[in-house]
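Remarks on the overall topology
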Amino acid sequence: MKLTLTLFISILFSFHLSGQIAKTQVLQINAKPSTTGTTLEWNARSFTGRYLIYKRNNLSTNDWGNAIATVPSNNNSYTDNNLTPGKAAEYRVVQVNGSNQTQSFGYIYAGNQYQESIIKKGIILMIDSTFITSLKTEVERLTEDLELEDWLVYTSYAGRNETPVEVKAKIKQITDNNAEISTLFLLGHIAVPYSGDFSASSSFPPPDGHVEGVGNHTGAWAADAYYGDLDGTWTDLFVERETGNQNRNHNVVGDGKFDQSRIPSDLELEVGRVDLFDMPIFTKSETELLRSYLDRNHIWRTQKRTARQRAVIDNNFGGFNLASTGYHNFSTFFDLDSIADGDYFTNLENGSHLWSYGCGAGSYTRANGIGTTTDFRDKSPDNVFTILAGSFFGDWDVRNNFLRAPLGNNALASFWGGIPKWYIHTMGLGKHIGFGTRVSANNKTFYFNGAFNNSYNLIHIALMGDPTLKNAHLPQVKSLSANSANNQVQLNWTSAKGNFDGYAVYRVNPDNGNYVRITEKPVSDTFYTDESNWFTNDYVYTVRAIRLETTGSGSYVNIGGGVEQNVNHVNNIDHFEINQNLAYPSPNNTGVFKLRNSNIKETKVYDLQGRTISHLFTNHTIKLDNIAKGTYILKLTYQNGQTAVQKVQIM
């Protein structure tokens, strides 16, 4: 039965295609890497005009600059010969007609065997104190999982009687003393901030368009953005708005609800919340629902659960472009033939899907054409991440809320995507969902924002779920030993169980704390001897399962979680000096070294951090092409098995 409450949206497009459906306003882009570059491909169009290609090499630089290429309308691909193995970049493709009017946009963060550096990130795990005892085991397991994945976990607790201001003070106290913190995970029914003056008579209509007389979803909405904004000004001094149908949305001076409708300043923190309070339609208690979520979280991030690499989109707003959030992001995760249009629950009950999208006219507990909160209780949708959109339920702090309902069954994350558009496409290259959450909340005009009721950058944008989750996690290496002897470090570890290519060994540079991968190829054994640690010092090693992932965004090296091990390593650097006549001339400025001995079986070249350096060995000559100036280590193995090393220098 159709709902009487429908999504009421004033579409404020600045270009002429406002009547077209979501699919036509999105360029669904895939990336195809090769040894010589990377090709972007998108769904072909029949039109008169051209495509403009923009590129940025750094995700932190918010400037597309000038177009790097123009592609004629009869072509739907572009090859970047500069995006070779080891590189990644973000692209914007814009379709314009003959009059230079914008037709559609596409965005992709493309990689070619890209491997992101291991960096320690800080996360605040803010836990509802109700569950200190009842979920102690599950929280300890979550903490271990996060730490193995290089999160520095700062645990704090908040009581249910604490106000948002009091909770934020705890957050600020931690972030002020720990600059590496980028993420906040709210677990349980921690105080829900409210903010905004959404009304037909203010500068901001409600994001879903239900102004006075048309649903009355006016006043203040739930606003977890408050917790992510560490330096913005939030006030409770001006708004007097009591037109909303629900008292919780009423906003008057001094009531603890904030005035701001738009986020005052860019969010510093990626915020995600798992809150299953007041969901009595589920037969489980709140504690049991949270325990089930944390169990499923652990199973997913240790690769004990897998999902088919595909998505379904159930778009019940053919005249609006809400579903473009699904079409755009999913094309960067999967090949286009792995993205199906169809009924939401029918598809999710007939086989696993990594992602899903559903939108339809809504109430707090349902979306027309999709289903109800009860469906998430009674049906078995096999789905990890979902995006939902429709009226009312995006303001999620209500009983049996439809947006939170997927977390009560199989899903691990859910968000109200399309009002405004969300940009989580970086997950196609291994980023966690919180990264895209913050990008989406902070977006104003850098990405096309969807133009729905000025809903971009508003306080309602929120993630239901763990912000650290990724599209693909690998098994963890949880036990590692390290022993220094005879100028080498011997490593041994327990095997990880799951699907991966092998192991990568990393050493932490004691001078700057950077992780250096010292194995060029995946290691299939559970032991490794580091022969390239040249200096006496205290070192940290870690071993990780790795896998080359191929997605709609190209390819990247996925890195699993791993334990770290300290070792006091002793190596006498003087042993380099006795072999200074192995290769000559050194130093030189060409990178070409002659070998004095012709009885050579194998040559290896390392930098001073122990990384393998590619080189050419031919005619008793070692060639290091296109390499930076500096000192390198040459290791020779003779036919009789003996070895020798020498320092060589390129000026």
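Parameters and conventions
Residues numbered from 1 in each chain as written. Predicted model: local features only at pLDDT ≥ 70, side-chain atom pairs only at ≥ 80, totals over all residues. Heavy atoms only, no water. Buried < 20%, exposed > 50% of the residue type's maximum accessible area, 1.4 Å probe, protein only. Helix = DSSP H or I, 4+ residues; strand = E, 2+ residues; numbered from the N terminus. Contact = heavy atoms within 4.5 Å. Polar contact = N/O pair within 3.5 Å; in protein donor to acceptor, adjacent residues only side chain to side chain. Pairing = 2+ DSSP bridges. pLDDT = per-residue confidence, 0-100. Phe/Tyr/Trp six-rings, centres within 6.5 Å; stacked < 30°, edge-to-face > 60°. Core = buried A, V, L, I, M, F, W, Y, C linked by side-chain atoms within 4.5 Å. Axes fitted to C-alpha atoms, helices over the stretch in contact; angles between N-to-C directions. Parallel < 35°, antiparallel > 145°, perpendicular 65-115°, else oblique. Left-handed = near helix turned anticlockwise from the far one by under 90°. Nonpolar A, V, L, I, M, F, W, Y, C, P; charged D, E, K, R; others polar. Salt bridge = Lys/Arg side-chain N within 4 Å of Asp/Glu carboxyl O.

1. Details of helix 8 (residues 433–442)
The buried count for helix 8 comes to nine of 10 residues, which makes it a mostly enclosed element. What helix 8 keeps buried is the set Ile433, Gly434, Phe435, Gly436, Thr437, Arg438, Ser440, Ala441 and Asn442. The elements touched by buried residues of helix 8 are strand 10 (181–187), strand 13 (270–274), strand 16 (353–359), strand 20 (383–389), strand 21 (413–416) and strand 22 (463–465).

2. Structural notes on the environment of Asp208
Turning to its location among the elements, Asp208 is positioned in the loop between strand 11 (194–198) and strand 12 (219–222). Residues Asp208 and Ala361, 153 residues apart in the sequence, show an inter-C-alpha distance of 10.0 Å. Only 3.2 Å separates the side chain of Asp208 from the backbone nitrogen of His210, close enough to count as a polar contact.

3. With respect to unusual backbone geometry
Along the chain, Ile419 connects to Pro420 via a cis peptide bond; the corresponding omega equals 5 degrees. Position of Pro420 among the secondary structure elements: in the loop between strand 21 and helix 8. Positive phi values are uncommon outside glycine, yet Asn454 reaches one of about 55 degrees. Of note, Asn454 is situated in the loop between helix 8 and strand 22. For Asn454, a relative accessible area of 29% gives the class partly exposed. With a phi close to 60 degrees, Asn457 is a non-glycine residue in the positive phi region. With respect to the element layout, Asn457 can be found in the loop between helix 8 and strand 22.

4. Examining the sheet that holds strand 17 (residues 362–363)
Strand order in the open sheet formed by three strands is 17-18-19, and the pairing between neighbours is antiparallel. Looking at strand neighbours, the two that pair on one side only are strand 17 and strand 19 (371–372), the edges of this open sheet. Across two bridges, the pairing between strand 18 (residues 366–367) and strand 19 is antiparallel. Bridge pairing in strand 19 links Arg366 to Thr372.

5. Section: the confidence of the model for the chain
Put simply, the chain has an average pLDDT of 93, and 96% of its residues get 70 or more. Between residues 1–20, whose pLDDT stays under 50, and residues either more than four places distant or in other chains, the model counts 67 contacts.

6. Examining the environment of Asn514
Summarising the element assignment, Asn514 is placed in the loop between strand 25 (502–508) and strand 26 (515–517). Here Asn514 is in contact with Arg507, Val508 and Asn509, once residues within four sequence places are set aside.

7. A look at the packing of aromatic side chains
Counted by the stated rule, this structure contains 35 aromatic pairs. Judged by centre distance (5.2 Å) and plane angle (75 degrees), the ring pair of Phe47 and Tyr51 falls under edge-to-face. In this pair, the class of Phe47 matches that of Tyr51, namely buried. With a centroid separation of 5.0 Å and an interplanar angle of 70 degrees, the aromatic rings of Phe393 and Phe402 are classed as edge-to-face. Like Phe402, Phe393 is buried. Cluster of aromatic residues (ring-pair linked, three or more members): Trp300, Phe330, Phe333, Phe334, Trp355, Phe385, Phe415 and Trp422.

8. Notes on the nonpolar core
Grouped together as the largest cluster of nonpolar side chains are 105 residues, with contacts concentrated most on Phe330, Trp355 and Phe385. Once you skip the residues sitting within four places of it in the chain, Phe385 turns out to touch Trp300, Leu354, Trp355, Ser356, Ala413, Met427, Ile433, Leu469, Lys470 and Asn471.

9. Here's the deal with the sheet that holds strand 2 (residues 37–42)
Spatial ordering of the open sheet is given by 1-2-5, a layout of three strands whose pairing is antiparallel. Single-partner strands in this sheet number two, and they are strand 1 (29–34) and strand 5 (77–80). Strand-to-strand, the axes of this sheet are offset by a mean angle of 20 degrees, without reference to chain direction. Strand direction decides the pairing type here: strand 1 and strand 2, joined by six bridges, are antiparallel. Each bridged residue has a counterpart across the sheet, and for Pro33 the counterpart in strand 2 is Thr38.

10. Quick notes on the packing of helix 1 (residues 136–148) against helix 4 (residues 286–301)
At a minimum axis distance of 10 Å, the contact between helix 1 and helix 4 shows a crossing angle of 25 degrees. Classified by the angle their axes make, helix 1 and helix 4 are roughly parallel. Handedness of the helix 1/helix 4 crossing: left-handed. For the pair helix 1 and helix 4, the contacting residues are Glu138, Arg141, Leu142, Asp145 and Leu146 in the first and Arg291, Leu294, Asp295, Asn297, His298 and Arg301 in the second. Residue classes in the contact of helix 1 with helix 4 are distributed as three nonpolar, two polar and six charged.

11. Some words on the pattern of salt bridges
Counted under the stated rule, the structure contains 32 salt bridges. In this structure, Glu90 engages Arg56 in a salt bridge whose closest nitrogen and oxygen atoms are separated by 2.5 Å. One end of the pair, Glu90, is in strand 6 (residues 87–97); the other, Arg56, is in strand 3 (residues 49–56), with 34 residues separating them in the sequence. Side by side, Glu90 and Arg56 carry an identical accessibility label, which is buried. A salt bridge links Glu116 to Lys431, with the nearest nitrogen and oxygen atoms 2.7 Å apart. Of this pair, Glu116 sits in the loop between strand 7 (102–114) and strand 8 (121–128) while Lys431 sits in the loop between strand 21 and helix 8, and the two are 315 residues apart along the sequence. One network of salt bridges, in which partners are shared, links Lys120, Asp150, Arg544 and Glu564.

12. Quick notes on helix 5 (residues 324–331)
Extensive coverage of helix 5 is indicated by the burial of eight of its eight residues. Inspection of helix 5 places Ser324, Thr325, Gly326, Tyr327, His328, Asn329, Phe330 and Ser331 among the buried residues, and these make up the whole buried set.

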